Amino acid sequence: MTEVFKGSFTQQEPIPEAGIAAAMAVLRHGRLHRYNTAPDEISETALLEQDFATTVGAKYCLAVASGGYAMATALRAVGVKPGDPVLSNAFTLAPVPGAIAAVGARPVFVGVTEALTIDLDDLEEKAGAARVLLLSHMRGHICDMDRLMAICEAAGVTVIEDCAHTMGAAWNGVPSGRQGTVGCYSCQTYKHVNSGEGGFLVTDDAEIAARSVMLSGSYMLYERHLAAPPKEAFDAIRYETPNISGRMDNLRAAILRPQVADLATQCARWNERYRCLEDGLRGTPGLTVIERPEPETIVGSSIQFLLLDWGAADVRQVLARCAARGVELKWFGGAEPAGFTSRYDSWRYAETPAMPKTDRVLAGIVDMRVPLTFSLEDCALIARIIRAEVSAVFQGQSTAAE
């Protein structure tokens, strides 16, 4: 009998009961705005910022409306101006170049390797072309951060880390987001904590933190923050920094605080599922598993594999055959954007020369979400289905070649 998976790839776990109770308390008192507090009350947003700063070991943290807002705010705070070039990954999601475009800057794309990380040789060649790198740890894959930081420091490039997929991950024991000058995170439903939409910005730089707070709409109430720099840091910049309101509200902060407290446990659960899938896929003919380097502490909330140098029709056949058995796979090689799987050449507001090495890798990337609602038995079943369907199409290729 042919096995079929009947679960959902978009169903998340419920919000923890502690988060529901905290959210109900906010709804009952009605003080949702980030600065709307009773006398002697500390807002949920300020408490969340303090919690997250402690979690990643940062001096300063700002909770904001989205991960994209965090990135655009970071770019503004480090001084990116309209027309400035900003380096970024060619393999990423649309909000990353979107954040660059939001401040009127120009994305300059850097290639991707078969490890699905930024091509550090290409970065070294292009480092002199910009003074800021918006580095995307795309789908949770972290590059050699020691070499990357050495390249950027030698070239005078400020690094902003997009950690939408690496909250809870690390390189050589350093939490993701803490190697660069600024780390940006997402709290969107499919990320590692879930408030529907939301984000964090962290830094140890007092001026960048102060500018970010002002940009987020502090209305000169910055002294109510717990994870912001002292009042003196705002003196020189508070009149010259525009208000682009986007700090998180108390309702979402209340939902998130218990999730941040439980982040390490959830990351371990994701990794159990990831390793089960990885073990089940390893050795499949025609399929390349992305081996993770020893210095990388992963969070396996999604999994990718390569069908490298396959024809587009054969990749589509794998996707269709898996879908018929209940397994939803996404492909980054399609010529047209489909959901979140757009490519660098889809973002036509950015002028980009052809990148054939990157195109070859993108053409082979297959991606799958790994929600915590999957059991380990589900993951083993999904791996068997993918293995069978990839093998069947690959065998068909071999037969046709004969």
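Residues numbered from 1 in each chain as written. Predicted model: local features only at pLDDT ≥ 70, side-chain atom pairs only at ≥ 80, totals over all residues. Heavy atoms only, no water.

**Let's talk about the packing of helix H1 (residues 17-29) against helix H9 (residues 250-261)**
Working note: a packed helix pair is described by the angle between its axes plus the distance between those axes. Stated precisely, the cut-off is as follows: Fitted lines through C-alpha atoms give the axes, limited to the stretch in contact for helices. The angle between two N-to-C directions lies from 0 to 180 degrees. Secondary structure elements are defined from DSSP: runs of H or I of at least 4 residues count as helices, runs of E of at least 2 residues count as strands, and each element is numbered from the N terminus. In these notes the angle categories are as follows: under 35 degrees is roughly parallel, over 145 is roughly antiparallel, 65 to 115 is roughly perpendicular, and the rest is oblique. Should the near helix be turned anticlockwise from the far one by less than a right angle, the crossing is left-handed, and should it be turned clockwise, the crossing is right-handed. Whether two residues touch is decided by their heavy atoms; if any such pair falls within 4.5 Å, the residues are in contact.
Viewed as axis vectors pointing N to C, H1 and H9 meet at an angle of 160°, and their least axial separation amounts to 7 Å. Considered as vectors, H1 and H9 are oriented roughly antiparallel to each other. The hand of the H1/H9 crossing is right-handed. Facing H1, whose interface residues are Ala18, Gly19, Ala22, Ala23, Val26 and Leu27, H9 presents Asn250, Leu251, Ala254, Ile255 and Pro258.

**Quick look at the packing of helix H2 (residues 44-56) against H9**
In plain terms, the rule: Amino acids are sorted into nonpolar (Ala, Val, Leu, Ile, Met, Phe, Trp, Tyr, Cys and Pro), charged (Asp, Glu, Lys and Arg) and polar (every other residue, Gly among them).
Here H2 crosses H9 at 30°, and the two axes come no closer than 8 Å. Classified by the interaxial angle, the pair formed by H2 and H9 is roughly parallel. Relative to H9, the crossing made by H2 is left-handed. Contacts from Glu44, Thr45, Leu47, Leu48, Asp51, Phe52 and Thr55 of H2 reach H9 at Asn250, Ala253, Ala254, Leu256, Arg257 and Val260. A class-by-class count of the residues in the contact of H2 with H9 yields seven nonpolar, three polar and three charged.

**Here's the deal with the sheet that holds strand S12 (residues 302-306)**
Our working rule: Two strands are said to pair when DSSP picks up at least two bridges between them.
Read from one edge of the open sheet, four strands run S10-S12-S14-S13, paired in antiparallel fashion. One side of each edge strand has no neighbouring strand; the edge strands of this open sheet are strand S10 (288-289) and strand S13 (330-331). As paired strands, S10 and S12 are joined by two bridges and run antiparallel to one another. Paired with threonine 288 across the two strands is leucine 306, which belongs to S12.

**Quick word on the nonpolar core**
Condition: Remark: nonpolar core denotes a set of buried residues (Ala, Val, Leu, Ile, Met, Phe, Trp, Tyr, Cys) joined through side-chain atoms within 4.5 Å. For the exposure calls, accessible area comes from a 1.4 Å probe over protein chains only, and a residue counts as buried if that area is under 20% of its type's maximum, exposed if over 50%, partly exposed in between.
With 45 residues, the main nonpolar core has Phe52, Leu123, Leu133, Leu148 and Phe200 as its most contacted residues. Looking at this core element by element, the count peaks at five residues for helix H6 (residues 145-155).

**Some remarks on the pairing of strand S8 (residues 182-186)**
Most of S8 is tucked away: five of the five residues are buried. Residues Val182, Cys184 and Ser186 line one face of S8 and the alternating positions Gly183 and Tyr185 line the opposite face, and both faces are buried.

**Here we look at the environment of cysteine 152**
Take cysteine 152: it is sitting in helix H6. The buried category is assigned to cysteine 152, whose relative accessible area is 1%. Taking the C-alpha atoms as reference, cysteine 152 lies 24 Å from alanine 210; in sequence the two are 58 residues apart.

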